[in-house]
Amino acid sequence: MSKKKAKEDELLEIRLEKETKLYWIKAITGALSALIGRLFIGLIGWPLFFWMLGFWFGFPFIISFLILRYPYDKEEWNWKIILKTGIGIFFFTFMVLGTVIHTILKFL
């Protein structure tokens, strides 16, 4: 195997590791934002939707740059990767936990 191929494989592994960490952090963030927004703040409807969008589009940059301290790179780690990584799991955990909390609160 050539040195160039080994270097490319190493860069790919680093990028996949970054994406995996961001993915699971977004899963937890989706659940926590639904918990906080619905249970503690009491948001319902449009305010809860805008709350979700704020965490969906704003918090990944805070995670990436301030918490995980990944440097911005136009080729390897740009805003598109930051936003698209874990978008499905964020929405899924937010909706499931938000729906469960809302249902429990309506029955109590």
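Okay, so let's go over this structure. (Residues numbered from 1 in each chain as written. Predicted model: local features only at pLDDT ≥ 70, side-chain atom pairs only at ≥ 80, totals over all residues. Heavy atoms only, no water.)

A look at the overall build of the protein
Thought 1: Secondary structure summary: the protein contains four helices and zero strands in total.
Thought 2: The secondary structure elements of the protein, listed N-terminal to C-terminal, are α-α-α-α.
Thought 3: Structurally, the protein occupies a C-alpha span of about 65 × 20 × 20 Å along its principal axes.
Thought 4: Per-residue burial for the protein yields a buried fraction of 30% across its 108 residues.
Thought 5: Across the protein, contacts joining residues at least 24 apart in sequence account for 71% of those joining residues at least 6 apart.
Thought 6: With the model as given, the accessible surface of the protein reaches about 7,400 Å², and the carbon-plus-sulfur share is 71%. (Helix = DSSP H or I, 4+ residues; strand = E, 2+ residues; numbered from the N terminus. Buried < 20%, exposed > 50% of the residue type's maximum accessible area, 1.4 Å probe, protein only. Contact = heavy atoms within 4.5 Å. Areas by Shrake-Rupley, 256 points an atom, 1.4 Å probe, with all protein chains shown as cover.)

Some thoughts on the packing of aromatic side chains
Thought 1: According to the stated counting rule, one finds 12 aromatic pairs in the structure shown.
Thought 2: A ring pair is formed by tyrosine 23 and tryptophan 24, whose centres lie 5.1 Å apart and whose planes are at 90°; its orientation type is edge-to-face.
Thought 3: Note on tyrosine 23: relative accessible area 30%, which makes it partly exposed.
Thought 4: Judged by relative accessible area, which is 52%, tryptophan 24 ranks as exposed.
Thought 5: Pairing tryptophan 56 with phenylalanine 90 gives two aromatic rings, centres 5.9 Å apart and planes at 35°, and the pair type is tilted. (Phe/Tyr/Trp six-rings, centres within 6.5 Å; stacked < 30°, edge-to-face > 60°.)

Observations concerning the packing of helix 1 (residues 3-40) against helix 2 (residues 46-67)
Thought 1: Close contact between helix 1 and helix 2 brings their axes to 10 Å; oriented N to C, the two are set at 145°. Note on packing geometry: the crossing formed by helix 1 with helix 2 is right-handed. From helix 1, Leu22, Ile25, Lys26, Thr29, Ser33, Ile36, Gly37 and Arg38 reach across to helix 2, where they touch Leu48, Trp51, Phe55, Phe59, Pro60 and Ile63.
Thought 2: Residues that form the contact of helix 1 with helix 2 fall into these classes: nine nonpolar, three polar and two charged. (Axes fitted to C-alpha atoms, helices over the stretch in contact; angles between N-to-C directions. Left-handed = near helix turned anticlockwise from the far one by under 90°. Nonpolar A, V, L, I, M, F, W, Y, C, P; charged D, E, K, R; others polar.)

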